[in-house]
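Survey of secondary and tertiary structure
Here is what each chain is made of, one letter per residue.
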Amino acid sequence: MRIFCNMIAIELPTERAVMNDRECEATLVVYGNHGEDVFGRLMAIETLGRFRLGESSTLTLTDTYFDTDPPSLGPAQWALRLRALDEERLLTLKGPAAPGRNGAPTRYERELAFSVEALSEVCDKLRESAIVLKAPVTETPASPEAILLAMGLSVLQRRTTRRWVRLLYQEERPQLFGEMALDRVEYAFLSGTVVHYEVEVESLVESGDRLVMDVVNEIATTCPGAARRWDYGKLVTGRILQEAGRTGRLRCREGILKEEDYERMERSM
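Analysis parameters
- Residues numbered from 1 in each chain as written.
- Predicted model: local features only at pLDDT ≥ 70, side-chain atom pairs only at ≥ 80, totals over all residues.
- Heavy atoms only, no water.
- Helix = DSSP H or I, 4+ residues; strand = E, 2+ residues; numbered from the N terminus.
- Buried < 20%, exposed > 50% of the residue type's maximum accessible area, 1.4 Å probe, protein only.
- Contact = heavy atoms within 4.5 Å.
- Salt bridge = Lys/Arg side-chain N within 4 Å of Asp/Glu carboxyl O.
- Expected span 1.5 Å × (residues − 1).
- Pairing = 2+ DSSP bridges.
- Core = buried A, V, L, I, M, F, W, Y, C linked by side-chain atoms within 4.5 Å.

Digging into the environment of Leu156
Positionally, Leu156 belongs in strand E9 (residues 154–170). Residue classification places Leu156 among the partly exposed positions, given a relative accessible area of 26%. Taking the C-alpha atoms as reference points, Leu156 and Arg81, separated by 75 residues in sequence, lie 9.7 Å from one another. Once you skip the residues sitting within four places of it in the chain, Leu156 turns out to touch Tyr65, Phe66, Asp67, Leu235, Arg239 and Gln242.

Thoughts on the pattern of salt bridges
Once their charged atoms are close, side chains differing in charge can pair, the charge on each being opposite to the other. All told, the structure shown has 22 salt bridges when counted by the stated rule. For Asp214, the salt bridge is made with Arg50, and the minimal N-O distance between the two is 2.7 Å. A residue pair is termed long-range when its members are at least 10 positions apart, and Asp214 in helix H4 (residues 209–222) and Arg50 in the loop between strand E4 (47–48) and strand E5 (51–67) qualify at 164 residues. On the basis of relative accessibility, which here comes to 24%, the residue Asp214 falls in the partly exposed class. By relative accessible area, Arg50 is classed as partly exposed at 29%. Because the salt bridges share partners, they merge into one network encompassing Arg163, Asp183, Glu198, Glu200 and Lys234.

Focus: helix H5 (residues 234–246)
Taking 1.5 Å per residue as the helical rise, H5 with its 13 residues ought to reach 18 Å, and the 18 Å between its terminal C-alpha atoms agrees with that figure. Along H5, the residues that are buried comprise Lys234, Leu235, Thr237, Gly238, Ile240, Leu241 and Ala244. Trailing H5 by a residue or two, Gly248 shows a phi angle of about 80 degrees, which is positive.

Describing the pairing of strand E6 (residues 79–85)
Within E6, seven of the seven residues are buried, leaving the element largely enclosed by the surrounding structure. Alternating positions in E6 separate into two faces, Ala79, Arg81, Arg83 and Leu85 on one and Leu80, Leu82 and Ala84 on the other, with burial throughout. Two elements, E5 and E6, share five bridges in a ladder whose sense is antiparallel. Across the sheet, the residue bridging to Thr62 is Ala84, located in E6. In the sheet, E6 pairs with strand E7 (residues 88–98) via seven bridges, with the strands oriented antiparallel. By the bridge assignment for E7, Arg83 is matched with Leu90. Hairpin connection of E6 to E7: two residues between the antiparallel strands, including Asp86 at a positive phi of 55 degrees.

Focus on the nonpolar core
Met180, Val199, Val201, Val215 and Ile219 are the most contacted members of the largest nonpolar core, which has 29 residues in total. Going through the elements one at a time, strand E3 (22–30), helix H1 (35–44), E5, strand E10 (176–189), strand E11 (192–203) and H4 are the ones with two or more residues in this core. When residues in this core are grouped by element, the largest group, six residues, is from H4. Of all hydrophobic cores here, the second largest spans 21 residues; its members include Trp78, Leu93, Met151 and Leu153.

Quick look at the pairing of E3
For E3, the buried fraction is high: eight of the nine residues fall into the buried class. Direction of pairing for E3 relative to E11: antiparallel, over a ladder of six bridges. In the sheet register, Thr27 faces E11, and the bridge partner there is Glu200. Both E3 and strand E12 (residues 227–229) contribute to a ladder of three bridges, which runs antiparallel. When the bridges of E12 are listed, Val29 appears paired with Arg228.

Honestly, it's all geometry; don't read function into it.
Structure, rendered in structure tokens:
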């Protein structure tokens, strides 16, 4: 499998195919008043402890999440996402998370180019958890979102992410083992836009959870007082922010989340 960083083709390790649609990653939240400084530092350095930071790339992701009405995916810890990346439309299904052997959570994740076949695969997978969606209707040309809405799904959340990616290597080994994504996430609510900064470290190889946690710990050491572990996905984070804004409990100034804001959010989870 290949990914492209600054138009250079990078071969991913063949072990990636062995992971069987399992995602292994850990996340740090970066307090908003430190976000730009931390991201600038992590993009500029070449080493992080015993790890080497390699090629970089920049992406803009527009994500829309869907659920039934009343919700059936969320309560069962499933998430259905439609992602716009340039001209691509990607359909992603994520399942319940479970703790990994070294503390890095793992979960089912399947991402496919949007198509009727992809929708059918998603429906089949959800049916294994007793979640039944309507069959997609494609008699007339329609946008991916329109097709999902016609299946009885409702929009749960919209957000835009500016993502900077660094590839990860062990200093003593040439093989790529993971990636570090620096995400500046904008949630658009009726009460205004809220910006959330986070760093995701993901394994691209089988049994890479220990390396993921080692990288996360190095980042926390490199950025003391500016970042901390955050074991909640962007979907859950956005829903808590939305509810806090609706009830007047969201008190961040100019849409920037500080340490005390995350502490309040975590108490409500």
